[in-house]
Each structure stands twice: as C-alpha cells, then as structure tokens.
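Descriptive structure summary
Each chain is listed here by its residues.
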Amino acid sequence: MIKEDYGLSSDKDVEPDLFRADKPREECGIFGIFGPDKDVARLTYYGLYALQHRGQESAGIATADGKNILLHKNMGLVPEVFDEARLDSLKGHAAIGHVRYSTTGSSLVTNAQPLVCYYQKGMIALAHNGNLTNVHQLRPKLMERGAVFQSSIDTEVIVNIIARHSNVPIEKAITRCMDEIEGAYSLVVLTGDKLIGVRDPHGVRPLCLGKLGGAYILASESCALDTIGAELVRDVEPGEVIVIDKNGIKSIHYGAAERKGLCVFEFIYFARPDSVIDGYMVNQVRREMGRQLAKEYRADVDLVISVPDSGNAAARGYAEESGLPFEEGLMKNRYIGRTFIQPTQELRDLAVHLKLNPIKNILKGKRILMIDDSIVRGTTCSRMVKMLRDTGVKEIHMCVSSPPILWPCYYGIDTSNRKELIAAKMSLDEIRQFIGADGLHYLSLEGLLKAFNTVPGKFCTACFDGDYPIPIPKPEEMGKFVLE
Ligand SMILES: O=P(O)(O)OC[C@H]1O[C@H](OP(=O)(O)OP(=O)(O)O)[C@H](O)[C@@H]1O
Ligand SMILES: NC(=O)CC[C@H](N)C(=O)O
Ligand SMILES: [Mg+2]
C-alpha cells in the first residue's frame, strides 16, 4: 500500500518567493540509499540537506520497507518538510529523496518528488534531476493510450513508460524507457527490493556512487556523501544503470552517447565547491577560472572582491594570479528563507541589502574589481554596482568567470526564455552601461575550458555557444515547454 502524505496546504502551494524573479537558475538534487542496517530516512534527510542548494521549492523522501513504499513530501526546505516524528515514521531498508527547483511543471506539491505509484509489478518510486526534451511528444502519445497523469512534470512520463514494460525485469524496463526518452536525466528509482541509479547517455547531470559500511548510496553531488560520512566510490557513467539489492551491486551499460554533455554550469554555479564531479574538484576548477580571467584581463584596481557565494573561488584565483589583494567586500545573509510576500519596489530595494551588504570601510574610496560567476539577467550585478557606488567606491570593474550566456537551456536549468538573457539582447558595452560599471570582462570559452585542462566536446557549453548535444524541442513546442 502506498502511504502517502502530500501535506496539501494550499497557502504553501502558491507562496511567492521574494528572490524567485531574480534567481532563475537552480537544479534538483537526488539521493538514494540501500542500507538494511541503517536509518535510511535520516541518512537521506542529511543527504538532501547537503543538496539543498540544488532546489529549495519542495523536498520529499520515499522509503521501501519490504511491503510498502512510504512517502512524505511537501513544499519548503528540507528541515521545514521533515521533523523527527516524520523521519521516525519513514521506515525501511532503502530510500530515495529529492529537492526540487521546478523546470517542467509549476511549483506545486503535486509536482513535488519522489513520485510514487502502483503498477503491475508492485510499487515504484522515482526522483529525477534534469529535463526531458521530447516530453511534448511522449505525453500526448501516452494519454492516447489511456495513461493518466497526476502531475505536470516530465518525470511522470518516465514512470509511465517504465510501468508499460512491466512484463520484463525492472532493469530492462528502465533501459527500454531510455530508448524512448530524450534529454537530461539522472534518476534514482526505488522498488520493493531494489535501488537503481540511472544517468542519461550524455551524462548531462551528475550522479555519483558512494559507500557507507555495507550500504550503497547514490547522490547528485559528492558533498552529500561527505555529509553522511560515506566514501565516494566513483561517478555513475553516462548511459549507466546501477542496480543495488541485497545481493550487492550490478552495473548495466546502456551505452554512452558519442558526444558527451556534462553541464559546464555545474562547475560555474550549481554545484557546491566541496563536491567532486567526474574527477574535477569544483572549488579548484572555479579558482582556475579566476586565474584564467586574470590572464585575459588585468584591471588597474586596488583590490579584488567577489559577489558571494559562487563568485568567491574565482575571485581568489584572480587575486592569486594577478597579485592583487583579495578582500571580503560584500556580506551575504545566509538566513533568507522563502516565506516573504511579494514585495513592493521599495521592499525589493531593501531586500537587496538584506541579501548582500557592503563592508564600507574596506571599500570606500577604492578602485575595485568585482568578480561574479555569471550574469543571467544582470539583476544582481547592477544592484551591486549601485550599492558600491552609494558606499563611495571610486571605480568599479566587473569580471565574470564564465562567458556571456546567449542561449537557453533545455536540460534542466530554468533559462528557457532567450528574452531573459541580458547577453542575448545587448552588446558588451551596453551591458557594461546597464550595470553601471567602469569596465566589464567575461571569461572566454577557451579560457573556461582551459580551467579544466580539456578540449571542446566533453562538456555541454550550449548556453554559451548554442551547440546543443541533444536535439532541443522544435520551435512550435517552445511555447509549451513549461507544462503548467
Ligand atoms: O544576473 P542575475 O539574473 O542576477 O543572476 C546571476 C546571479 O545569480 C547567482 O547568484 P545567487 O544569488 O543565485 O546565488 P549564489 O549565492 O550561489 O551566488 C549568480 O551567482 C549571480 O550572482
Ligand atoms: N531541476 C530539475 O532537475 C527538475 C526536474 C523535473 N524536470 C521537475 O521539474 O521536477
Ligand atoms: Mg551569485
């Protein structure tokens, strides 16, 4: 029996997020554990806590106790959704969990993950990071054949296709599903007796395998493994299906695509700096991006500051390479929740200072170089420049440790609208004027790849060069890209 508790509270479903309009890019985080002798719900809770940066809209955990799959999910942050009593009730030998930032389907509790359902073979729970690019072909086809959907997320298409192949073992049903779905997907799947991890053939989204005593873990990022004291075994390979059950672990190679597409933005912004993805330490790569920036552009300034958090490592790298002093010039308030009411303009302006505030004595009268990891709409940096000018900074130069974002992402980042991307609408000098800086430089794509010591072809860099490794939805489907 599915014991589900969606905690349907309508006020939370529609709660507006103060920073949502300014924060167009997040991800989802997934976690799975097979550990009969472990408190799987609590370990999943801590794992999700470590992945909270990947999605803050909703959180959910499903556990398998041999007979049932138990589920709890709701809108909100991990500690808001779960308490001790709730975690006590989620019993089992295996669990999966999800933190969501919606990319297909609205931010509603019915779209929260994991999805849990009955099918011919029993019960199945599934959690997904990424976006399918052919969902608008698959969903109507499934509906024509009588499928019903309870949510508007692409993820439910995956569950439906797996369920249609109930005449074969679950591993086979998954690889058959992979024949049909296109796009980016890292998945954790839970059945009564198995935990399965899947990474799409292009390897767009990360997924790694860890071990804690006799328990196996799957997680979007290795920082989740560190958090629960597990060791990183390796990354799940593109096109690999890992099946874990009481007999141990088995790997099925569905097959990697010739053209790989690991999202380079994971390294620029999404991932936590303490994670290792596909062998690259995120913090180290970000620092190297800063060094590359300094090789490309040397500003005549007194000091280097970063826009925290994700600009920090690149700013340090820039300072090291250039010999300029690095100072913490902006403080970020880390305790901003999601419970604000949509503010007026006055409150919005106030909110900027609530989120980031300058340390005046460090900055006043100085010529500074401000480094951020990326500019999407230009909201953050234009506000920062204004704030710094108000503080009495003499000159403000801006460096961005990634190239201009010119193309939308269809693989799980919420930038599917080109009109929102400032670099797609304005020239470099227009952007500089818009943000009000005295100088502006973006890291080149070559410089970015040098930070990895790699050549084009390993990463998906489509947001910078429009070279999409997986076919994107047709123009007539674009308007419908977000299923409401
Ligand atoms: O041009 P914009 O549309 O303003 O978006 C870009 C900003 O958004 C991100 O920061 P965010 O505050 O989301 O998170 P962070 O603390 O990880 O840097 C990113 O690091 C930039 O600072
Ligand atoms: N950001 C993500 O990975 C989202 C996963 C899925 N497409 C959803 O909207 O729930
Ligand atoms: Mg930032």
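Note that residues are indexed from 1 along each chain, following the sequence as it is written. Chain letters start at A and ligand numbers start at 1, both assigned in the order the entries are written. The predicted origin of the model limits local features to residues at a pLDDT of at least 70 and limits the giving and counting of side-chain atom pairs to 80 or more, whereas totals for whole chains, interfaces and linings rest on all residues.

**Quick look at the site of ligand 2**
- In the neighbourhood of ligand 2, 17 residues make up the surrounding shell, with Cys28, Thr103, Thr104, Asn129 and Gly412 lying closest.
- In terms of residue class, the shell around ligand 2 is made up of 3 nonpolar, 11 polar and 3 charged. As a rule, any residue with its backbone-derived C-beta atom within 6 Å of a molecule or strand is reported as near that molecule or strand. When residues are sorted by character, Ala, Val, Leu, Ile, Met, Phe, Trp, Tyr, Cys and Pro go into the nonpolar class, Asp, Glu, Lys and Arg into the charged class, and all the rest, Gly among them, into the polar class.

**Some points on the site of ligand 1**
- Neighbouring ligand 1 are 16 residues; Ser310, Val376, Arg377, Thr379 and Thr380 lie closest to it.
- In terms of residue class, the shell around ligand 1 is made up of 5 nonpolar, 5 polar and 6 charged.
- Where each domain starts and ends follows an automatic or database-derived domain assignment. Counting the residues that make up the shell around ligand 1, at least three belong to each of domain 1 (12–261) and domain 2 (280–465).

**Quick look at the nonpolar core**
- To form a nonpolar core, buried Ala, Val, Leu, Ile, Met, Phe, Trp, Tyr and Cys residues must be joined through C-beta atoms within 7 Å. Partly exposed residues are those falling between the two cut-offs: more than 12 but fewer than 20 other C-beta atoms within 10 Å of their own, whereas 20 or more means buried and 12 or fewer means exposed, with C-beta atoms placed from the backbone. Counting 144 residues, the largest nonpolar core has Ala62, Ala125, Ile174, Val188 and Leu190 as its most contacted members.
- With 7 residues, helix H2 (residues 40–50) is the largest single contributor of residues to this core.
- Split by domain, the residues of this core number at least three in each of domain 1 (12–261) and domain 2 (280–465).
- With residues up to four places along the chain from it excluded, the contact list for Ala125 reads Ala62, Ile69, Leu71, Ile96, Pro114, Leu115, Val116 and Leu190. By the criteria applied, helices consist of DSSP H or I runs no shorter than four residues and strands consist of E runs no shorter than two, each listed in order from the N terminus. Working definition of a contact: two residues with C-beta atoms, positioned from the backbone, lying within 7 Å.

**Details of unusual backbone geometry**
- Residue Pro114 is bonded to the preceding Gln113 through a cis peptide linkage, with omega at 5°.
- Structurally, the position occupied by Pro114 is in the loop between strand S5 (94–100) and strand S6 (115–119).
- Asp309 follows Pro308 through a cis peptide bond whose omega is 0°.
- Residue position: Asp309 is located in the loop between strand S18 (303–306) and helix H11 (312–322).

**Considerations on the domain arrangement of the protein chain**
- Along its sequence, the protein chain is organised into domain 1 (12–261) and domain 2 (280–465).
- Computed over C-alpha atoms only, the centres of domain 1 and domain 2 are separated by 32 Å.

**Points about H2**
- H2 sits mainly inside the fold: 9 of its 11 residues count as buried.
- Of all the residues in H2, the buried ones are Val40, Ala41, Leu43, Thr44, Tyr45, Gly47, Leu48, Tyr49 and Ala50.

**Quick notes on the UniProt feature "binding site: [4Fe-4S] cluster" (unreviewed entry) in the protein chain**
- This chain's UniProt record puts "binding site: [4Fe-4S] cluster" (unreviewed entry) on Cys263, Cys409, Cys460 and Cys463. These annotated residues cover 201 residues of sequence, but their C-alpha atoms sit close together, with the largest distance between any two at 10.1 Å.
- As for its position among the elements, Cys263 is in strand S15 (residues 262–263).
- On the neighbour-count criterion, Cys263 (29 C-beta atoms within 10 Å) is buried.
- In this structure Cys263 touches Val204, Arg205, Tyr411 and Cys460, once residues within four positions along its chain are discounted.
- Sequence-distant contacts of Cys460, defined by excluding residues within four places in its chain, comprise Val204, Gly261, Leu262, Cys263, Val264, Tyr411 and Pro469. UniProt positions are given in the numbering used here, feature names are shortened, and annotations may be inferred rather than shown by experiment.

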